[in-house]
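Results of the structural survey
As a plain string of letters, each chain reads:
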Amino acid sequence: MTGGLEFSYLYDFRNPAPWGRPPEALYAEILDVVAETEALGFDGAFVPEHHLAEDGYMSSPLVALAAMAARTRRMRLGTGIALAPLYEPLRFAQDCAVLDSLSGGRLQLGLAIGYRAREYAAHGLDFTKRGARFDEFLEIVRRLWSGETVDFEGRFFTLHGAKAGPLSSRGHIPLYIGGFAPKAMERVARHGDGYFGNPEIWPLYREKLEAAGKDPADARIWIQGLMLVVAEDKAAALDELAPHFHHVNNSYGGWMNEDKAIGLDGPTIQAMSLDAFKASGILQILTPSEAVAYFHRLLEKAPVEQFTMMMPPGLPAERFLAYAGLFAREVLPHFQ
């Protein structure tokens, strides 16, 4: 038995054409699934954000999280991730404060700058200035959550006498910041309570924490493992799940290649055929014992506290819950 590793799922609310349904039915089903995963023992439910997606990718995560808060009692809830520079900081700080109180202090925010220029254009914002805008946003929001009355004049935001309230009893909401490039990791070390992303970034994160005068022993790392599933019959699971995760892979690949601004390269951001995807190994299907070993190795590489998988679009709820139930029975007990 080991401790310190929480498991959760990401729900992007996509509704791709091959499995299309009325949004009302899909949303109601996902809320049922979230409640069921809490009953199974999972630690969190998270919602990402993108705009202009033809498949219905969630564009209003805070609203979705408010509905999840009403259906759950224990698990963490949050964004994974929200595109912070698209928000006005006082409005964001106030909405999150209300959501944190509604959820009983369970909100956790993953934030990043995004990588699609047309999302910024649709909001009337300059894509090339998103990093500097994000830095101002983070400074303002953290000050508001500290209970401060904020006067601020910057390049992007001007506030006079701004105050967020009422805050929940804990005040500050945990902020995990995503990114991959050295400049992004400097932002994580400076403004974040933790890092959201990939385990191989840990050495760079540790370096930036040390440069910022912070103790790496206090590092908090939240890993996304969206293409990982546990199954007893790996071949059967691949046949069932590959079409759904293939849609995820190709849509992300298309978006990441629009502006080449993600800071990553390789096969995981390239569109490919279904057969090529199945053969690529991008979708990791592990038996329960393999998964336990995988997570032990992960903990040896980096001080990971949270690991988030996903409910792939179009997969029927009962089939997703069958996989989640196996994970809950055979993997969770080893890390609680």
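**Digging into unusual backbone geometry**
The omega torsion of the bond from Gly 80 to Ile 81 falls at 10 degrees, within 30 degrees of zero and hence cis. Mapped onto the elements, Ile 81 comes out in strand β3 (residues 76-83). A cis amide bond links Gly 165 with the next residue in sequence, Pro 166, at an omega value of -5 degrees. Relative to the assigned elements, Pro 166 resides in the loop between β6 (158-162) and β7 (175-178). One non-glycine residue, Leu 52, lies in positive phi territory at about 65 degrees. By the secondary structure assignment, Leu 52 is in the loop between β2 (44-47) and α2 (61-71). The phi dihedral of Lys 260 falls on the positive side, at around 50 degrees, and the residue is not glycine. Structurally, Lys 260 is set in the loop between α8 (234-259) and α9 (274-280). Judged by relative accessible area, Lys 260 falls into the exposed class, the value being 62%.

**Focus on the nonpolar core**
In terms of nonpolar packing, the biggest core is built from 116 residues, with Tyr 11 and Phe 295 touching the most fellow members. Counting residues per element, this core draws most heavily on α8, which supplies 8 residues. Ignoring anything within four residues of it in the chain, the contact list for Phe 295 reads Leu 5, Phe 7, Leu 228, Phe 307, Phe 327, Val 331 and Phe 335.

**A look at the environment of Thr 128**
Assignment of secondary structure puts Thr 128 in the loop between α4 (117-122) and α5 (130-145). Since its relative accessible area comes to 60%, Thr 128 is described here as exposed. As for Thr 128 and Ala 117, which are separated by 11 residues in sequence, their C-alpha atoms are 8.2 Å apart. Side chain to side chain, Thr 128 and Asp 126 meet in a polar contact 2.6 Å long.

**Thoughts on the sheet that holds β2**
Strand order in the closed barrel formed by 8 strands is β1-β2-β3-β4-β7-β8-β9-β12, and the pairing between neighbours is parallel. This sheet shows a mean twist of 25 degrees between the axes of neighbouring strands, independent of strand direction. Relative to strand β12 (residues 304-310), strand β1 (residues 6-10) runs parallel, the two sharing 5 bridges. By the bridge assignment for β12, Phe 7 is matched with Phe 307.

**Some remarks on the layout of surface pockets**
Size it by volume and the second largest pocket reaches roughly 180 Å³. In this structure, the second largest pocket is lined by 17 residues; those nearest its centre are Leu 26, Glu 29, Pro 313, Gly 314 and Leu 315. Of the residues in the lining of the second largest pocket, the class split is 11 nonpolar, 2 polar and 4 charged.

**Some remarks on the packing of helix α6 (residues 182-191) against helix α7 (residues 202-211)**
How two helices pack is summed up by the angle between their axes together with the distance between the axes. Between α6 and α7, whose axes approach to 9 Å, the crossing angle comes to 55 degrees. As the angle between them shows, α6 and α7 are arranged oblique. For the element pair α6 and α7, the recorded crossing hand is right-handed. Between α6 and α7, the contacting residues are Pro 182, Met 185, Glu 186, Val 188 and Ala 189 on the first element and Leu 204, Tyr 205, Lys 208 and Leu 209 on the second. In terms of residue class, the contact of α6 with α7 is made up of 7 nonpolar, no polar and 2 charged.

Rules used in this analysis
Residues numbered from 1 in each chain as written. Predicted model: local features only at pLDDT ≥ 70, side-chain atom pairs only at ≥ 80, totals over all residues. Heavy atoms only, no water. Helix = DSSP H or I, 4+ residues; strand = E, 2+ residues; numbered from the N terminus. Buried < 20%, exposed > 50% of the residue type's maximum accessible area, 1.4 Å probe, protein only. Core = buried A, V, L, I, M, F, W, Y, C linked by side-chain atoms within 4.5 Å. Contact = heavy atoms within 4.5 Å. Polar contact = N/O pair within 3.5 Å; in protein donor to acceptor, adjacent residues only side chain to side chain. Pairing = 2+ DSSP bridges. Axes fitted to C-alpha atoms, helices over the stretch in contact; angles between N-to-C directions. 1 Å grid on protein atoms, 1.4 Å probe; cavity = no way out; pocket = protein on both sides within 12 Å on 5 of 7 lines; lining within 4 Å. Points joined across faces, edges and corners; volume = space filled by probe spheres on them. Nonpolar A, V, L, I, M, F, W, Y, C, P; charged D, E, K, R; others polar. Parallel < 35°, antiparallel > 145°, perpendicular 65-115°, else oblique. Left-handed = near helix turned anticlockwise from the far one by under 90°.

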